[in-house]
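# Architecture and fold: a report
Spelled out from the first residue to the last, the chains are:
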Amino acid sequence: MTTPPRDQTPDRVELAIGGMTCASCAMRIEKRLNKLDGVTATVNYATEKARVVFDGGPVPVEDLIAQVEKAGYTAALPEPPASDPAAGSGDAEAADPTRPLRTRLLVSAALSVPVIAMAMVPALQFTYWQWASLALAAPVLVWGALPFHVAAWKNLKLGAATMDTLVSMGTIAAFAWSLYALFLGTAGEPGMVHPFELTIARSDGSANIYLEVAAGVTTFILAGRYFEARSKRRSGAALRALLELGAKDVTVVRGGTERRIPVGDLAEGDLFVVRPGEKIATDGAVEEGTSAVDMSMLTGESVPVEVGPGSAVAGATVNAGGRLVVRATRVGADTQLAQMARMVEEAQNGKAEVQRLADRISGVFVPIVIALAVATLGFWIGTGGPIAAAFTAAVAVLIIACPCALGLATPTALLVGTGRGAQLGILIKGPEVLETTKGIDTIVLDKTGTVTTGRMALTGVFTAEGQDEDEVLRLAGALENASEHPIAQAVATAARERAGGLGRVEDFANVEGHGVQGVVDGHAVVVGRASLLAEWSQHLPADLERVKADAEAAGTTAVAVGWDGEARAVLVVSDAVKPTSAQAVRQFRDLGLTPILLTGDNTDVARSVAAQVGIDEVIAEVLPKDKVGVVTRLQAEGKTVAMVGDGVNDAAALAQADLGLAMGTGTDVAIEASDLTLVRGDLRAAADAIRLSRRTLNTIKGNLFWAFAYNVAALPLAAAGLLNPMIAGAAMAFSSVFVVTNSLRLRGFAPLAGNGGPAPAAAPAAADRRESAHAA
């Protein structure tokens, strides 16, 4: 399909931003842009996009780009995504933008491991080991840590300090002092060792090297950045998946002949043919033929829509019945599918990005550490201490302040948490997802495919007096088996399973929009609407008429069955509620969430389903854009909203919600637009997903606290000149071990009782409420 145009209008513009390394970069660009008169800007670090809205007339794009460049970043009008996924596949870096970062991480890790091992294990310290460490550590600091140094330099020019500043200063200080000790001190002499002792004594530092600090910190922080980049890469996948849903080619009628052309060559006003089972190429109006069209991807309606001449149809929906000839009314960027793609992207770009915890802490911690290092140097020189000892103490402050465990705090908890989640059928996309789970108070549930199975099924057989149920199913199922209509297939499937077989069909005829008729085992059988049976003078008796009325009042489909001149039964077909949905709704309430059923289906069906699962609030008969509006309205009321869905029609709402959860049995578009994916398609997994996310977030917060706490506690020792390299290394090693061990506790996370895994030891709902309150 033709790619939709980007979000560029006279009153707003979208920019692609380059050079951001953390959430604070996005905030800095946002502040810069908002200084311009009549400009309101929102910068999203995850998607690397800036949305600029003009309040008092448009501002030249060149002025916006210049403002971003003054902040030290790049900006440009974004290129439209390629409609052909194969395009550009030869460029490996374009196909996988995380590849350079992965290469940098793997090389740095390979060089750093022996450096850390030699520094921490005296038995490995052979003659001249310190020079081998220098040869291994230098590429890590110069090339591996280059992104941090570049970012720190940009921040320095802007008078700002972030996590990159701390990493760059700490690693450069460690490396520079190691060079001093090796070339001008005694650390380069043969036989130099780092003894394994934890004594506290003053030293001039000339015999100590800190190469393991420079290499280790760089590698750990690179690991964190790589896992973050992997999660960011998914941000544009929802749009790509939407564009892939459209038909690739189409049979067009030109000059009275049919020929196959790429869908991109289709023009408005063209006639094209849609055969049974094919996707409709673009939005249009039916010119010839009647059929049933599966429009669930757009409307959420589980029952296919009957169409005939004059009916409007949408591109990418599926023709489930007869042959159609359609006149194209909208093509390319004007189609409903393209509009949905823009809605998904707009919702993603508009989602408020929560600043990363480490960056927020660094914004305060870094200036304090720099001030303390300067104060330490000044104090020692001012009190007449040796210059070498003064510099040793000041550099020690910078070294110990660079917490190597900080690089492990988020990725280790995330890796363990996501690994445990995968075992339970829960996929978490990135650390940003976790920060929203603590405040979730409302959960919006799509109906079709989420609360229900999403497939038509026979849910009731009601026979007239004296009729055999198996005989009804055998005859009706045989006739329906010859039809491609989803309702007919539901009857046929049930007949095969329950009646033990189907009869032989002759003279089959499909009465478009009404039902089917034919001869089965010598009986003249009619199956379909009651009006079709009435044409054959087969009128439903009073009791079956009441069954039909009750079924339709409940929003289900009633199929009348008659043969040999008499109405015999009514079959009820509906989208069945999943057996686990009611239990899932109870679990949501136990977690303090208010469930809301949101669907494009009709109100009667929605209320019937809601009553079965225990949901009080129902919002029905809504289109995709209305679903986004419902989520936005709830957010405007101060609610923090989670959305669970599975269809294309849910994608924009999933992206707009504070937390989007997609059923893994649903469409790729919904999965890509969501934050969490429930692999099993079991709604109960959503409750476990929220619990696991909250537990993982609390673990990350605990890791961040201890990563800084060890270093903060050691800062006074460093300032007093009492810190030797073994204590510094031991503090770093112990804090790292603590962070990893704390993260590994997530492996013991258990699902709620009955959710497909062992029950946790304590009452989980109450425990999770306590966790939620603590996290908040």
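Everything numeric here is computed off the predicted structure, so don't read it as measured data.

Secondary structure summary: the protein chain contains 28 helices and 26 strands in total. Considering only contacts in the protein chain between residues 6 or more positions apart, those separated by 24 or more positions represent 71%. As displayed, the protein chain offers around 30,900 Å² of accessible surface, 58% of which is attributable to carbon and sulfur atoms.

Strand order across the open sheet formed by three strands is β10-β9-β12, with antiparallel pairing between neighbours. Both outer strands of the open sheet, β10 (305-307) and β12 (318-319), are each paired with one neighbouring strand and no more. Pairing between strand β9 (residues 291-294) and β12: two bridges, direction antiparallel. Within β12, the residue paired with Asp 294 across the bridge is Val 318.

Let us now look at the side chain of Ser 693. Structurally, Ser 693 is set in helix α26 (residues 684-719). Discounting chain neighbours no more than four positions away, the residues touching Ser 693 are Ile 428, Leu 434, Thr 437 and Leu 676.

Looking now at the nonpolar core. Generally speaking, soluble globular proteins have nonpolar side chains that are buried together. Judged by nonpolar contacts, the single largest core of 48 residues is most densely connected at Leu 445, Phe 588, Leu 597 and Leu 661. A total of nine residues in this core trace back to one element, the largest contributor, which is α26. Excluding its chain neighbours within four sequence positions, the residues that come into contact with Leu 597 are Leu 445, Asp 446, Lys 447, Val 451, Ala 606, Val 609, Ala 610, Ile 615, Glu 617, Val 618 and Ile 619. By size, the runner-up hydrophobic cluster in this structure holds 46 residues, among which are Leu 141, Ala 173, Trp 177 and Tyr 226.

With that out of the way, let us pick up the packing of aromatic side chains. By the definition in use, this model includes two aromatic pairs. Aromatic side chains Trp 131 and Phe 183 sit 5.3 Å apart centroid to centroid with 80 degrees between the ring planes, which places their arrangement in the edge-to-face category. Placement of Trp 131 in helix α5 (residues 129-144) and of Phe 183 in helix α7 (residues 163-183) is noted, with a sequence separation of 52 residues between them. Its relative accessible area of 28% is what places Trp 131 among the partly exposed residues. Overall, Phe 183 belongs to the exposed group, its relative accessible area being 54%. Judged by centre distance (4.6 Å) and plane angle (40 degrees), the ring pair of Trp 177 and Tyr 180 falls under tilted.

One open sheet accounts for seven strands, arranged β14-β26-β25-β24-β15-β22-β23; its pairing is mixed. Two strands in the sheet have a free side with no partner beyond their single neighbour: β14 (426-428) and β23 (617-619). Adjacent strand axes in the sheet meet at a mean angle of 20 degrees when their direction is disregarded. Note: strand β15 (residues 442-446) against strand β22 (residues 594-598), five bridges, orientation parallel.

Moving on, we get to the confidence of the model for the protein chain. Mean pLDDT over the protein chain stands at 78; residues scoring 70 or higher make up 79%. Note on residues 349-355: pLDDT is under 50 here. Beyond four places in sequence and across chains, it has 22 contacts. Confidence over residues 757-776 falls short of pLDDT 50; this stretch has 29 contacts with residues more than four positions distant or in other chains.

Count 3.6 residues to each turn of an α-helix, and residues three or four apart come out pointing the same way. Under the 1.5 Å per step criterion, the end-to-end length of helix α6 (residues 146-157) is 17 Å for 12 residues, consistent within 8% with the ideal 16 Å. Looking one or two places after α6, you find Gly 159, whose phi comes out positive at around 70 degrees.

What follows is about the pairing of strand β18 (residues 515-520). Taking burial as the measure, the six residues of β18 include five buried ones, the bulk of the element. Here strand β17 (residues 505-511) runs beside β18; their pairing, made up of five bridges, is antiparallel. Paired with Val 505 across the bridge in β18 is Val 520. Connecting β17 to the antiparallel partner β18 that follows it, the hairpin turn spans three residues, and Gly 513 within it adopts a positive phi of roughly 80 degrees. Sheet analysis places β18 next to strand β19 (residues 523-528), joined by six bridges and oriented antiparallel. The residue of β19 that forms the bridge with Val 520 is His 523. With antiparallel pairing between neighbouring strands as the criterion, β18 and β19 make up a hairpin whose turn holds two residues, including Asp 521 at a positive phi of roughly 50 degrees.

Right, let's get into the environment of Leu 744. With respect to the secondary-structure elements, Leu 744 resides in helix α27 (residues 725-744). On the basis of relative accessibility, which here comes to 35%, the residue Leu 744 falls in the partly exposed class.

A separate point is the UniProt feature "transmembrane region" (unreviewed entry) in the protein chain. As annotated in UniProt, the feature "transmembrane region" (unreviewed entry) corresponds to residues 105-125, 131-153, 165-187, 207-227, 361-381, 387-410, 703-720 and 726-744 in the numbering used here. With 83% helix and 0% strand, residues 165-187 has its two end C-alpha atoms placed 28 Å apart. For residues 703-720, helix accounts for 94% and strand for 0%, while the C-alpha atoms at its two ends are 27 Å apart.

Right, let's get into unusual backbone geometry. Trans is the prevailing form of peptide bonds, just as negative phi is the prevailing case for residues other than glycine. The phi torsion at Asp 507 lies on the positive side, around 50 degrees, for a residue other than glycine. Relative to the assigned elements, Asp 507 resides in strand β17. At Ser 537, a position not held by glycine, the phi torsion is positive, near 60 degrees. With respect to the helices and strands, the residue Ser 537 is situated in the loop between α19 (530-535) and α20 (542-553). Given a relative accessible area of 55%, Ser 537 falls into the exposed group.

Analysis parameters
- Residues numbered from 1 in each chain as written.
- Predicted model: local features only at pLDDT ≥ 70, side-chain atom pairs only at ≥ 80, totals over all residues.
- Heavy atoms only, no water.
- Helix = DSSP H or I, 4+ residues; strand = E, 2+ residues; numbered from the N terminus.
- Contact = heavy atoms within 4.5 Å.
- Areas by Shrake-Rupley, 256 points an atom, 1.4 Å probe, with all protein chains shown as cover.
- Pairing = 2+ DSSP bridges.
- Core = buried A, V, L, I, M, F, W, Y, C linked by side-chain atoms within 4.5 Å.
- Buried < 20%, exposed > 50% of the residue type's maximum accessible area, 1.4 Å probe, protein only.
- Phe/Tyr/Trp six-rings, centres within 6.5 Å; stacked < 30°, edge-to-face > 60°.
- Axes fitted to C-alpha atoms, helices over the stretch in contact; angles between N-to-C directions.
- pLDDT = per-residue confidence, 0-100.
- Expected span 1.5 Å × (residues − 1).
- UniProt positions renumbered as here; feature names shortened; annotations may be inferred.

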